[in-house]
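Listed below, chain by chain, are the residues.
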Amino acid sequence: MNAFETREKAMEQMYFLASEMAFKIQSRRDRVLAHWVAALVGATDVEAYVAEIIDVRTTAAGDEGVIAKILADVRAAGRILNEKELRVQMATLIASETGADARSR
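What you are looking at is a predicted structure, and each value in this text was computed from that prediction instead of being measured.

1. Some points on helix 1 (residues 3-41)
For the α-helix, the turn length of 3.6 residues means that residues three or four positions removed from each other point alike.
Phase 1: Under the 1.5 Å per step criterion, the end-to-end length of helix 1 is 56 Å for 39 residues, consistent within 8% with the ideal 57 Å.
Phase 2: Turning to helix 1, its buried residues are Ile25, Arg29, Asp30, Leu33, Ala34, Val37, Ala38 and Leu40.
Phase 3: Looking at the packing, one finds that the buried side of helix 1 touches helix 2 (46-76) and helix 3 (83-98).
Phase 4: Following helix 1 by one or two positions, glycine 42 has its phi on the positive side, about 75°.

Written as structure tokens, this is what we have:
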């Protein structure tokens, strides 16, 4: 194996690890976010709600699907939460998961 092939393999491995880490961070963020929303709407089965949010993400809906579901659930519960507030909460949770908030202090 020459140096180019070695470098290529290393780059592939770095990409894989970065993708895996991003997935884990988003999953953790979604779990914490779902707990927050469950408390906001008064959900009785928090773990079932967490599973619903994770299911939305894994069905290729991504952040936009999660946002749409949460906003619909909040409105159905008669609560008020706008999309901007939700996105700020999501960004805050991502920052706390990555440690970015501690570095910015």
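Here the narrative resumes, following the displayed structure.
2. Some words on the nonpolar core
Phase 1: Counting 18 residues, the largest nonpolar core has Leu33, Tyr49, Ile70, Leu81 and Leu86 as the members making the most contacts within it.
Phase 2: Secondary-structure elements contributing two or more residues to this core are helix 1, helix 2 and helix 3.
Phase 3: The leading source of residues in this core is helix 2, at 9 residues.
Phase 4: Setting aside chain neighbours within four positions, we find leucine 86 in contact with Leu33, Trp36, Ile67, Ile70, Leu71 and Leu81.

3. Points about the side chain of arginine 29
Phase 1: Relative to the assigned elements, arginine 29 resides in helix 1.
Phase 2: Apart from the residues within four sequence positions on either side, arginine 29 is in contact with Arg57, Asp63, Met90, Leu93, Ile94 and Glu97.

4. Brief notes about the pattern of salt bridges
Phase 1: Scanning all chains against the criterion turns up 10 salt bridges.
Phase 2: In this structure, the salt-bridge partner of arginine 31 is glutamate 47, at a minimum N-O distance of 3.4 Å. Here glutamate 47 lies in helix 2 and arginine 31 lies in helix 1, a separation of 16 residues in the sequence.
Phase 3: Judged by its relative accessible area of 46%, glutamate 47 falls in the partly exposed class.
Phase 4: Of the charged contacts in the structure, one is a salt bridge between lysine 69 and glutamate 52, with a shortest N-O distance of 2.9 Å.
Phase 5: The class of lysine 69 is buried, set by a relative accessible area of 18%.
Phase 6: By sharing partners, the salt bridges in this structure join Arg29, Asp30, Arg57 and Asp63 into a single network.

5. Considering helix 2
Phase 1: A rise of 1.5 Å per residue sets the reference length of helix 2, with its 31 residues, at 45 Å; its end C-alpha atoms lie only 16 Å apart and thus fall more than 12% short of the reference.
Phase 2: Following helix 2 by one or two positions, glycine 78 has its phi on the positive side, about 80°.

6. Thoughts on the confidence of the model for the chain
Detailed reading of the predicted coordinates is not advisable wherever pLDDT is low.
Phase 1: Considering every residue of the chain, the mean pLDDT works out to 88; 94% of them sit at 70 or more.
Phase 2: Within the chain, helix 4 (residues 100-103) has the poorest average pLDDT of any element, 50, and helix 1 the best, 91.
Phase 3: Across residues 101-105, where pLDDT falls below 50, the model places 3 contacts with residues more than four positions away in sequence or in other chains.

7. Here's the deal with the environment of glutamate 5
Phase 1: Assignment of secondary structure puts glutamate 5 in helix 1.
Phase 2: A relative accessible area of 37% places glutamate 5 in the partly exposed class.
Phase 3: Separated by 44 residues in the primary sequence, glutamate 5 and tyrosine 49 place their C-alpha atoms 46 Å from one another.

Here is what the cut-offs are and how they apply
- Residues numbered from 1 in each chain as written.
- Predicted model: local features only at pLDDT ≥ 70, side-chain atom pairs only at ≥ 80, totals over all residues.
- Heavy atoms only, no water.
- Helix = DSSP H or I, 4+ residues; strand = E, 2+ residues; numbered from the N terminus.
- Expected span 1.5 Å × (residues − 1).
- Buried < 20%, exposed > 50% of the residue type's maximum accessible area, 1.4 Å probe, protein only.
- Contact = heavy atoms within 4.5 Å.
- Core = buried A, V, L, I, M, F, W, Y, C linked by side-chain atoms within 4.5 Å.
- Salt bridge = Lys/Arg side-chain N within 4 Å of Asp/Glu carboxyl O.
- pLDDT = per-residue confidence, 0-100.

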